[in-house]
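Structural characterization, general
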Amino acid sequence: MYIMHAGMISAMALQRAVAIGNGKGGCGKSSTAAAVAGLSAAADYEVVLVDLDPQGDLADELGVRDHPDNDGGDGLLRAVTAGVPLPKPIQARPNLYLVPGGPALYDLSGVLLSRQSRGQSVSDALTNALQPIADNAELCIIDTPPGDVLLQNLALTAARWLIIPTTVDTSSIRALHNIADRVGEARRDNGDLEVLGVVLWNIPVAAKRIRREARATIDQVLGKGTTMFTTTIRSAPAAAYEVRVQGKLVHELAEAVEGAEPFWKALREGREVRTPGTAPALAAEYIQLTDEILTRMAAAEADAGAGAPPMEAMVP
Ligand SMILES: Nc1ncnc2c1ncn2[C@@H]1O[C@H](COP(=O)(O)OP(=O)(O)O)[C@@H](O)[C@H]1O
Ligand SMILES: [Mg+2]
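Below: a short report on this structure. (Residues numbered from 1 in each chain as written. Chains lettered and ligands numbered in written order. Predicted model: local features only at pLDDT ≥ 70, side-chain atom pairs only at ≥ 80, totals over all residues. Heavy atoms only, no water.)

What follows covers helix H10 (residues 237–246). Inspection of H10 places Ala 239, Glu 242 and Val 243 among the buried residues, and these make up the whole buried set. Seen from one end, H10 has its buried residues packed into an arc of 110 degrees, which puts them on one side. Away from the buried face of H10 by more than 90 degrees, exposed residues Pro 237 and Tyr 241 are located. Of the residues flanking the end of H10, it is Gly 247, one or two places downstream, whose phi is positive at about 65 degrees. (Buried < 20%, exposed > 50% of the residue type's maximum accessible area, 1.4 Å probe, protein only. Helix = DSSP H or I, 4+ residues; strand = E, 2+ residues; numbered from the N terminus. Arc of directions from axis to C-beta.)

Turning to the side chain of Thr 231, a few remarks are in order. The residue Thr 231 is located in the loop between helix H9 (208–222) and strand E10 (233–234) in this model. At a separation of 2.5 Å, a polar atom in the side chain of Thr 231 contacts the side chain of Glu 292. Non-local contacts of Thr 231, meaning those with residues more than four positions away in its chain, are made with Val 199, Glu 285, Gln 288, Leu 289 and Glu 292. (Polar contact = N/O pair within 3.5 Å; in protein donor to acceptor, adjacent residues only side chain to side chain. Contact = heavy atoms within 4.5 Å.)

Close contacts around ligand 1 come from 16 residues, with Gly 26, Lys 29, Ser 31, Ala 236 and Arg 244 the closest. For ligand 1, an oxygen atom lies 2.8 Å from a polar atom in the side chain of Lys 29. With respect to ligand 1, the backbone of Ala 236 contributes an N or O atom lying 2.8 Å from a nitrogen atom. The fraction of the free accessible surface of ligand 1 (560 Å²) that becomes covered by protein chains is 80%. Counting only elements with at least two residues in the shell around ligand 1, the list comes to helix H1 (29–42), strand E9 (194–203) and H10. (Near = heavy atom within 4 Å. Areas by Shrake-Rupley, 256 points an atom, 1.4 Å probe, with all protein chains shown as cover.)

The strands making up a sheet associate through backbone hydrogen bonding, with each pair oriented either parallel or antiparallel. Across the sheet, eight strands lie side by side as E5-E6-E4-E7-E3-E8-E9-E10; this open sheet has mixed pairing. Looking at the sheet topology across the chains shown, the edges are occupied by strand E5 (90–93) and E10. When E9 meets E10, the two strands line up parallel, connected through two bridges. Each residue of the ladder has a partner; that of Ile 203, found in E10, is Arg 234. Against the sheet, helix H6 (residues 149–158) engages strand E3 (14–20), strand E7 (139–143) and strand E8 (159–166), with an angle of about 130 degrees to E8. (Pairing = 2+ DSSP bridges. Axes fitted to C-alpha atoms, helices over the stretch in contact; angles between N-to-C directions.)

Further remarks concern the side chain of Thr 167. One can find Thr 167 in the loop between E8 and helix H7 (170–174). Judged by its relative accessible area of 12%, Thr 167 falls in the buried class. Of note is the side chain of Thr 167, whose polar atom sits 2.9 Å from the side chain of Ser 172. Residue contacts for Thr 167: discarding those within four places in its chain leaves Gly 26, Cys 27, Ser 172, Ile 173, Trp 201 and Asn 202.

On to the packing of helix H8 (residues 176–187) against H9, then. Between H8 and H9, the shortest axis-to-axis distance is 9 Å and the interhelical angle comes to 40 degrees. The orientation of H8 relative to H9 falls into the category oblique. Where H8 crosses over H9, the two elements pack in a sense that is right-handed. For the pair H8 and H9, contact is made by Leu 176, His 177 and Ala 180 and by Ile 218, Val 221 and Leu 222, respectively. (Parallel < 35°, antiparallel > 145°, perpendicular 65-115°, else oblique. Left-handed = near helix turned anticlockwise from the far one by under 90°.)

On to the nonpolar core. Counting 49 residues, the largest nonpolar core has Leu 76, Val 80, Leu 126 and Ile 142 as the members making the most contacts within it. Ignoring any residue separated from it by four or fewer positions in sequence, one finds Leu 126 in contact with Leu 52, Leu 76, Val 80, Leu 154, Ala 155 and Ala 158. Within the second largest apolar cluster, 45 residues are counted, among which are Val 36, Val 199, Met 297 and Ala 300. (Core = buried A, V, L, I, M, F, W, Y, C linked by side-chain atoms within 4.5 Å.)

A few words now on the pattern of salt bridges. Enumeration according to the criterion identifies 12 salt bridges in this entry. Two residues, Glu 301 and Arg 16, come together in a salt bridge whose shortest N-O distance is 2.6 Å. One end of the pair, Glu 301, is in helix H13 (residues 279–304); the other, Arg 16, is in strand E3, with 285 residues separating them in the sequence. When sorted by exposure, Glu 301 lands in the same class as Arg 16, which is buried. As a salt-bridge pair, Glu 285 and Arg 234 come within 3.1 Å of each other at their nearest N and O atoms. A residue pair is termed long-range when its members are at least 10 positions apart, and Glu 285 in helix H13 and Arg 234 in strand E10 qualify at 51 residues. (Salt bridge = Lys/Arg side-chain N within 4 Å of Asp/Glu carboxyl O.)

This is how it looks when you write it as structure tokens:
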């Protein structure tokens, strides 16, 4: 969206876009992006999920790695670098559309960096590419790659909101100042950007002290009063493994558990138990987190008196 400002054109963020970011890898960005997108779509929001990562993990999370329209990020690369319209996103579920990432995106920052070195501004490139689909969606979630500063900046320039998942080991929490630096940089182009919240991820169950100390350290690193989500996401590696092997979202695995044959039957017959019992508890936490996210966005929109009707909070 562009607004004329006393002869100057200033870019505005995509208002329903939420980036999931943290300079580090392995802190739950893609898992959180997929789970929250899937639950919002199941709750009837029209959701677009954008995978800006050359690893393309979201295709596995959604079970569409072999989909004929999975172009490994090529369409996204061309939309951002050449301004051609994005190809039709992959419909992964009812109401849930994926703009796939993948290896084509390894070229993205190289192309943009060489443009920058010729003095061209590239900060709006992702905003412009996503605008046609993001403006039609109720929620646009952008999953970001670790490491690549330019791609992170592009995502933070396009998004209205940032969600920061983090693990709670001391080094990860100390490294949060990197993402804080990215936010500071992106705000020069995108004054709309705000941190919607930090979510503690991969937490041992019943680790009250760890959670309390992590919150205190985050206050030190990111500044007191940093918005934290109340919900934390538990460590559940077996369920997470099945998500990517089966291409089912956590809440879909949980539903399968509810209706499944008792696990002892499979055990007695010497068959593998394919659906770990941790899926329902993990899904319950992602439902609470999704509710918190949608509630915070709705509250901000109501405060701003935005023209669009506020999003209603999802009832868990
Ligand atoms: N709740 C969980 N507990 C433990 N491991 C998880 C959980 N959810 C996902 N994982 C696994 O942890 C790894 C990193 O998660 P991922 O979401 O890909 O992080 P990032 O996108 O930040 O690199 C992946 O292998 C993923 O399958
Ligand atoms: Mg990832």
